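# Working through the structure, step by step
One letter stands for each residue in the lines below.
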Amino acid sequence: MVELIREPLVARLLRRSVTIPLYFLLLGTVVATMPLLLPLALAVDAVRGRRLATTRCLVFLTLYLACEGAGILAAGALWLASPLLGGLDSERSQDLHYRLQGWWARTLYRGTEVIYGLSREVEEEGEPGRGPIIIFSRHASVGDTVIPAVFLAESHGLRLRYVLKRELLWDPCLDLVGNRLPNYFVRRGSGDTAREAEGVARLLDGLGPRDGVLIYPEGTRFTPSKRAQVLERLSRGSEARFVPRAEALARVLPPRLGGSIALLDRNPGADVVFCAHVGFDAASTFWHFWNGSLVGEAIRVRLWRVPAAEIPKDRDARIDWLFSQWERVDAYVSEKFPLH
């Protein structure tokens, strides 16, 4: 059993009293006004001429809100049924919540593939989906968070434990289901680095052959301005010696060491899998979903596995190893999605 650090119940209830009604209100409004919105979107596209970008965005928004509504109702049903399942923390209940989490991510991704005409290409090295594993994944978009769920969890039957930013709790499905499963929502900028690192590291407790822990080492989406900010922060802090290696990374941010190293330090012997991908760079914000940048993109993913025995034990050597692996991620992204 994983003993997680969680926020107070009152805070969760107050947030859900806002988000759950709001999402159902948005869903109801979109569905009710669809007879008006759809012709309007088509008319806008006739003028814009951007491959039905407005219409696609409207359909995607409807799909997202529908997934949220269905997920909230399913989470409510699982809560009501929890006494029959042996409690929310029982193995049966946890398995059903993992299935719900997988359905949500899979439906959103496959729906996005259809709506935006996406293709996919996957390269795998060393059985990346065999647990237990720790996964370090690139983060470039609001949409790419479903990539590990689709290309690792669904494809290989893994149950992923996520390290996510706390702001995502304003998504009610992630809030409800995510807080019932062993995930950790990081409070960025809290000033309590040790507490946050401990919360991340606890995800490794009880890690089994069907499990994986997923972290986004960059901590946020890549943009040139964020890259400049990170390099400036590094140059003024205790990690200034890593600035030259960080500056050499062209398309990814340097890995934040707190959570990443905490996982490696507490690692009970799990192999590490790296997930490099391109394609969702064209949808780094919701604006890009509307302007047509994502239409027809190819989602390319490369996964490679590093045995636990190859991970250095010394902390400095471990950081050097992590940067070396992240340079491979950067090289893949630069090759498949070069700067223009």
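Residues numbered from 1 in each chain as written. Predicted model: local features only at pLDDT ≥ 70, side-chain atom pairs only at ≥ 80, totals over all residues. Heavy atoms only, no water.

### Structural notes on the overall build of the protein
The test is simple: Elements are defined by DSSP. Helices are runs of H or I of four residues or more, strands are runs of E of two residues or more, and each kind is numbered from the N terminus. Categorising residues by exposure relies on relative accessible area from a 1.4 Å probe, with only protein chains included: less than 20% of the type maximum marks a residue as buried, more than 50% marks it as exposed, and the intermediate range marks it as partly exposed. Every accessible area reported is derived by Shrake-Rupley at a probe size of 1.4 Å, with residue values counting cover from the shown protein chains alone. Asp and Glu are treated as the negative residues and Lys and Arg as the positive ones, with His and the ends of the chain left uncounted. Each charge is placed at NZ for Lys, CZ for Arg, CG for Asp and CD for Glu.
A tally of helices and strands in the protein yields 12 helices and seven strands. With the C-alpha coordinates aligned to their principal axes, the bounding extent of the protein is approximately 60 × 55 × 40 Å. A total of 340 residues make up the protein; the buried ones form 52% of that total. Surface exposure of the protein reaches about 15300 Å², of which carbon and sulfur atoms provide 61%. When the 43 positive and 38 negative side-chain charges of the protein are each reduced to one mean point, those points stand 4 Å apart.

### Let's talk about the packing of aromatic side chains
Test applied: Ring pairs shown here join Phe, Tyr and Trp side chains whose ring centres sit within 6.5 Å, with only the six-membered ring taken for Trp; geometry is labelled stacked below 30 degrees between planes, edge-to-face above 60, and tilted in between. By definition, being over a ring means that NZ of Lys or CZ of Arg is both within 6 Å of the ring centre and within 35 degrees of the ring normal.
One pass over the full model with this rule turns up 11 aromatic pairs. Between Phe60 and Tyr116, the aromatic rings sit 6.2 Å apart at their centres with planes inclined by 65°, giving edge-to-face as the arrangement. Separated by 56 residues along the polypeptide, Phe60 in helix H3 (residues 53-85) and Tyr116 in helix H4 (residues 91-116) bring together distant segments of the chain. Owing to a relative accessible area of 0%, Tyr116 belongs among the buried residues under this scheme. An angle of 20° between the planes, with centres 5.8 Å apart, marks the rings of Phe274 and Trp304 as stacked. Of this pair, Phe274 sits in strand E6 (residues 271-278) while Trp304 sits in strand E7 (residues 298-306); the two residues are 30 residues apart in sequence, bridging distant segments of the chain. Of the two residues, Phe274 and Trp304, neither departs from the other in class, the shared state being buried. Feature note: the residues Phe136, Phe274, Trp304, Trp321 and Trp326 constitute an aromatic cluster, connected by ring pairs. Its end group placed over the ring of Trp290, Arg48 keeps NZ or CZ at 3.8 Å from the ring centre.

### Observations regarding the sheet that holds strand E5 (residues 211-215)
The condition that has to hold: Only strands that DSSP links by at least two bridges are regarded as paired with each other. Only C-alpha atoms enter the line fits that serve as axes; for helices the fit covers just the stretch in contact. Angles between N-to-C directions range over 0 to 180 degrees. Any two residues whose heavy atoms approach within 4.5 Å at even a single point are treated as in contact.
Taken in spatial order, the seven strands make up an open sheet running E1-E7-E6-E2-E5-E3-E4, and their pairing is mixed. Taken across any chain shown, the strands that pair with only one partner, and hence form the sheet edges, are strand E1 (119-125) and strand E4 (184-186). Neighbouring strand axes in the sheet, compared pairwise and without regard to direction, differ in orientation by 20° on average. As defined by bridge partners, strand E3 (residues 159-165) adjoins E4 across three bridges and the pair is classed as parallel. In the sheet register, Val163 faces E4, and the bridge partner there is Tyr184. Relative to E4, helix H7 (residues 193-201) is tilted by about 155°, and along the sheet it contacts E3, E4 and E5.

### So, the pairing of E5
A regular strand carries its side chains on alternate faces of the sheet. For E5, a buried count of five out of five residues is recorded, marking the element as mostly surrounded by other parts of the structure. The alternating pattern of E5 places Asp211, Val213 and Ile215 and Gly212 and Leu214 on opposite faces, both of which are buried. Pairing analysis gives four bridges linking strand E2 (residues 133-137) to E5, with the strands arranged parallel. When the bridges of E5 are listed, Ile135 appears paired with Leu214.

### Considerations on the packing of H7 against helix H10 (residues 257-266)
When two helices pack together, their arrangement is given by the angle between the helix axes and the distance between those axes. Quick reminder of the rule: Angle categories: roughly parallel below 35 degrees, roughly antiparallel above 145, roughly perpendicular from 65 to 115, and oblique for all the rest. Crossings are assigned a handedness: left-handed for a near helix turned anticlockwise from the far helix by less than a right angle, right-handed for a clockwise turn.
Interhelical geometry of H7 versus H10 gives an angle of 50° and a closest axis separation of 8 Å. As the angle between them shows, H7 and H10 are arranged oblique. Every pair of crossing elements has a handedness; the one defined by H7 and H10 is right-handed. Packed against H7, whose contacting residues are Ala197, Glu198, Val200 and Ala201, the element H10 presents Gly258, Gly259, Ala262, Leu263 and Arg266 at the interface.

### Here's the deal with the confidence of the model for the protein
In plain terms, the rule: Every residue carries a pLDDT, the predictor's confidence in it, which falls somewhere between 0 and 100.
Summarising the model, the protein shows a mean pLDDT of 91, and 98% of its residues fall at 70 or more. Mean pLDDT across the elements of the protein bottoms out in helix H11 (residues 286-291) (79) and peaks in E2 (97).

### Focus on the pattern of salt bridges
Filter applied, for reference: Here, a salt bridge means any side-chain nitrogen of Lys or Arg that lies within 4 Å of a carboxyl oxygen of Asp or Glu.
Here the structure, examined in full by the defined rule, presents 28 salt bridges. Taken together, the salt bridges that share partners define one network made up of Glu7, Arg15, Arg16, Arg166 and Asp175.

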